[in-house]
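The primary structure of each chain is shown beneath.
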Amino acid sequence: MSGPADAPRAAAAGVTPRLSVLLPTARAWPEIGEALAAALAQDCAEPFEILVLDGHGAGLAGEPSPPVRWLREPGADVFALRALGLAEARGEIVAISEDHCVLPPDWCRRILAAHRASAAPALVGPVANHPGSARRAVDRANFLLTMGPYAAPLDELPPGRLPIPTNLSLKRAALPAGRPPAGWLEYDLLAALRDRGQIGLAGDVTLAHLQSWRAGEALAVHFASGRAYGGSTRGWPRRERLRWLLRWGLLPRRLFRLTRPALERGAGGRAPTLADQAWLVGLILANAAGQLTGALAGAGASRHRLV
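Residues numbered from 1 in each chain as written. Predicted model: local features only at pLDDT ≥ 70, side-chain atom pairs only at ≥ 80, totals over all residues. Heavy atoms only, no water.

Undergrad: Is there a simple way to think about the layout of surface pockets in this case?
TA: Gaps left between atoms are located by rolling a probe of water-molecule size over the structure's atoms. In this structure, the second largest pocket spans a volume of roughly 270 Å³. Around the second largest pocket, the lining is made up of 15 residues, and of these P149, P158, L258, P261 and R265 lie nearest the centre. Counted by class, the lining of the second largest pocket contains 10 nonpolar, 1 polar and 4 charged residues. (1 Å grid on protein atoms, 1.4 Å probe; cavity = no way out; pocket = protein on both sides within 12 Å on 5 of 7 lines; lining within 4 Å. Points joined across faces, edges and corners; volume = space filled by probe spheres on them. Nonpolar A, V, L, I, M, F, W, Y, C, P; charged D, E, K, R; others polar.)

Undergrad: Would you explain the pattern of salt bridges in this entry?
TA: A pair can form between side chains of opposite charge whenever their charged atoms are brought close. Inspection of the entire model under this criterion finds 18 salt bridges. Between R90 and E49 there is a salt bridge, with its nearest N and O atoms 3.1 Å apart. Of the two residues, R90 is situated in the loop between α2 (78-88) and β4 (93-96) and E49 in strand β2 (residues 48-54); the sequence distance between them amounts to 41 residues. Each of R18, E46, E92 and R116 takes part in a single network of salt bridges with overlapping partners. (Salt bridge = Lys/Arg side-chain N within 4 Å of Asp/Glu carboxyl O. Helix = DSSP H or I, 4+ residues; strand = E, 2+ residues; numbered from the N terminus.)

Undergrad: Is there a simple way to explain the packing of helix α6 (residues 215-232) against helix α9 (residues 274-297) in this structure?
TA: Each pair of packed helices can be described by the angle between their axes along with the distance between the axes. Contact geometry for α6 and α9: axes closest at 6 Å, N-to-C directions at 35 degrees. Along this stretch, α6 crosses α9, giving a crossing that reads as right-handed. Only W279, G282, L283, A286, N287, A289, G290, Q291, T293, G294, A295 and A297 of α9 make contact with α6, whose side of the interface consists of A215, A218, L219, H222, F223, S225, G226, R227, Y229, G230 and G231. A class-by-class count of the residues in the contact of α6 with α9 yields 11 nonpolar, 11 polar and 1 charged. (Axes fitted to C-alpha atoms, helices over the stretch in contact; angles between N-to-C directions. Left-handed = near helix turned anticlockwise from the far one by under 90°. Contact = heavy atoms within 4.5 Å.)

Undergrad: For this particular structure, what's the right way to read the side chain of S169?
TA: As for its placement among the helices and strands, S169 is situated in strand β8 (residues 168-171). One polar contact links S169 to H115, side chain to side chain, over a distance of 2.7 Å. Apart from residues no more than four positions distant in its own chain, S169 is found in contact with I93, V94, A95, I111, H115, P121, A122 and L123. (Polar contact = N/O pair within 3.5 Å; in protein donor to acceptor, adjacent residues only side chain to side chain.)

Undergrad: Would you mind going over empty space enclosed by the protein with me for this structure?
TA: Throughout the structure, instances matching the rule amount to 2 cavities of 30 Å³ or more. Of the volumes computed, that of the largest cavity is approximately 40 Å³. Lining the largest cavity are I111, A114, H115, L123, V124, G125, N167, S169, A202 and V205. Of all elements in the fold, only α3 (107-117) and β6 (122-124) reach the threshold of two or more residues within the lining of the largest cavity.

Undergrad: I would appreciate a short explanation of the nonpolar core in the present structure.
TA: Considering soluble globular proteins, one finds that nonpolar side chains tend to be buried as a cluster. The biggest cluster of nonpolar side chains holds 57 residues, and the ones touching the most others in it are L19, L36, I50 and W107. Looking at this core element by element, the count peaks at 6 residues for helix α4 (residues 137-147). Among residues more than four places away in sequence, those in contact with L19 are P47, F48, E49, G91, I93, A95, C108, I111 and L112. By size, the runner-up hydrophobic cluster in this structure holds 26 residues, among which are L81, L170, L175 and L189. (Core = buried A, V, L, I, M, F, W, Y, C linked by side-chain atoms within 4.5 Å. Buried < 20%, exposed > 50% of the residue type's maximum accessible area, 1.4 Å probe, protein only.)

Undergrad: Please clarify how the sheet that holds strand β5 (residues 101-102) should be interpreted in this entry.
TA: Sheets are built from strands paired through backbone hydrogen bonds, the pairs being either parallel or antiparallel. If you walk across this open sheet you meet the 3 strands as β5-β10-β7, and the pairing is mixed. Both edges of this open sheet fall to β5 and β7 (127-129), since each of them pairs with a single strand only. As paired elements, β5 and strand β10 (residues 207-209) share 2 bridges and run antiparallel to each other. Opposite C101, over in β10, you have H209 as the bridge partner. (Pairing = 2+ DSSP bridges.)

Undergrad: What exactly am I supposed to notice about α3 here?
TA: Given 3.6 residues per helical turn, the α-helix brings residues three or four places apart onto the same face. Where α3 is concerned, the buried positions are W107, C108, I111, L112, A114 and H115. Down the axis of α3, the buried set is contained in an arc of 160 degrees. They therefore lie on one face. α3 presents R116 and A117 as exposed residues on the side facing more than 90 degrees away from its buried surface. Each element contacted by the buried residues of α3 is listed here: β1 (19-25), β2, β4, β6, β8 and β10. (Arc of directions from axis to C-beta.)

Undergrad: Can you walk me through the sheet that holds β1 in this structure?
TA: Strand order across the open sheet formed by 7 strands is β3-β2-β1-β4-β8-β6-β9, with mixed pairing between neighbours. Two strands in the sheet have a free side with no partner beyond their single neighbour: β3 (68-72) and β9 (199-201). Each strand of the sheet is rotated relative to its neighbour by a mean of 25 degrees, with strand direction disregarded. Direction of pairing for β1 relative to β4: parallel, over a ladder of 4 bridges. Counted as the bridge partner of L22 is I96 from β4. α2 contacts β1, β2, β3 and β4 of the sheet and is inclined by roughly 145 degrees relative to β2. Packed onto the sheet, α3 meets β1, β2, β4, β6 and β8 and runs at close to 130 degrees relative to β4.

So, in structure tokens, the structure goes:
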């Protein structure tokens, strides 16, 4: 079977990479296969490494060759896997994708060029809906709620929402020396950088998001996503948390307002249908219910549902 061990080497063993690409996965091989093949096919003149962060334990088949490093931590959720990757990455720039995203061949080269041109500690690039997840209304709605505010083309960073750590890249100087707590990147670092105006835009660095779920799975995952975030509010100062709870009823309308521009453009090259709108509202309500549940009862096992 061809796999990562058969792929061409982008950087020789022992060479310090300029770029580290993080690919977290909680699923067994070959779920990560397409994403990994696209990462290995990068047209990049500078050395880079690919860190497969495996929360399943069998994310790859066989032992990979450089530039792939396989770091296993069975049972770890995606938040813990990204924290592991931040600690283990050796590159001057750390770029984050997902096991269900497909990178264009010039992705690494464009990220490095964007960081040379910008002093911002973090850069966010746009995300396009892959044709494979544009055929069904539930998949289009899933893309819109998850990635809609960052859908390509992306001319400015959307206000009022933390970037999702997909197509996110960071300079090494913005990261701690050791392993941060799970969730630190998603809820602490990105919030701090946003509040200081230190998240830049890499408008020509695009990747494709390929994800398809059954209807019940989509609702459950968006509830879990909301609960994971809601649970993070339990560590906020009491006054700030109370203000958030009092404003929770406005959350569905705010989420719809954030995703509406992408909805109007269409998620997959077609005009939005009534089914798209209905599914988007349904997923928004599931997410909002999850956020309230997390704020009141904690995150529970919600992070393990996010794969």
